[in-house]
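# Notes for the structure review
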Amino acid sequence: LGREGFPAADKPFTPHLTVGRVRADAPRSDAATRFLALAPVTQHFDVGIVTLVASTLGPGGARYAPLAEAALLAPPSSAR
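Residues numbered from 1 in each chain as written. Predicted model: local features only at pLDDT ≥ 70, side-chain atom pairs only at ≥ 80, totals over all residues. Heavy atoms only, no water.

For the rest of this paragraph, the subject is the overall build of the protein. Within the protein, the secondary structure is distributed over one helix and two strands. Ordered by position in the sequence, the α and β elements of the protein form the string α-β-β. The buried share of the protein, reckoned over its 80 residues, is 1%. In the protein, once contacts between residues fewer than 6 apart in sequence are set aside, the share between residues at least 24 apart is 15%. Surface exposure of the protein reaches about 8,000 Å², of which carbon and sulfur atoms provide 61%. (Helix = DSSP H or I, 4+ residues; strand = E, 2+ residues; numbered from the N terminus. Buried < 20%, exposed > 50% of the residue type's maximum accessible area, 1.4 Å probe, protein only. Contact = heavy atoms within 4.5 Å. Areas by Shrake-Rupley, 256 points an atom, 1.4 Å probe, with all protein chains shown as cover.)

Following this line, the structure appears as structure tokens:
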């Protein structure tokens, strides 16, 4: 990204997937409590497209804007 003019991050990059978010000061609903108690997911699934999304936090919550998409190549049938 440096070649594109983006400055280096001030901390190491940690790739992740956000599945859900619960505010620390929000009352825990039954659904949020059940979600947080789930065991680690061990299922596999295919991903065909990756979308880069900008998340902007504001007083009304997060706003999301898709920035770019990349189609992924299908793995060889023997790899499944």
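Right, let's talk about the layout of surface pockets for a bit. The space that makes up the second largest pocket amounts to roughly 280 Å³. Along its surface, the second largest pocket is lined by Leu 1, Phe 6, Pro 7, Ala 8, Ala 9, Phe 13, Leu 52 and Leu 67. The class makeup of the residues in the lining of the second largest pocket is eight nonpolar, no polar and no charged. (1 Å grid on protein atoms, 1.4 Å probe; cavity = no way out; pocket = protein on both sides within 12 Å on 5 of 7 lines; lining within 4 Å. Points joined across faces, edges and corners; volume = space filled by probe spheres on them. Nonpolar A, V, L, I, M, F, W, Y, C, P; charged D, E, K, R; others polar.)

A surface patch of nonpolar side chains, about 370 Å² in accessible area, is lined by Phe 45, Val 47, Val 50 and Leu 72. Here Leu 72 lies in the segment after β2 (61-71). Residue classification places Leu 72 among the partly exposed positions, given a relative accessible area of 40%. (Patch = residues over 30% accessible without salt bridge, like charges linked within 9 Å, V, L, I, M, F, W, Y side chains within 5 Å. Salt bridge = Lys/Arg side-chain N within 4 Å of Asp/Glu carboxyl O.)

Burial runs low along β2: only zero of the eleven residues are buried. For strand β1 (residues 49-58) and β2, the ladder comprises ten bridges, and the chain directions are antiparallel. Paired with Thr 56 across the strands is Arg 63, a residue of β2. The loop that links β1 with its antiparallel partner β2 comprises two residues. (Pairing = 2+ DSSP bridges.)

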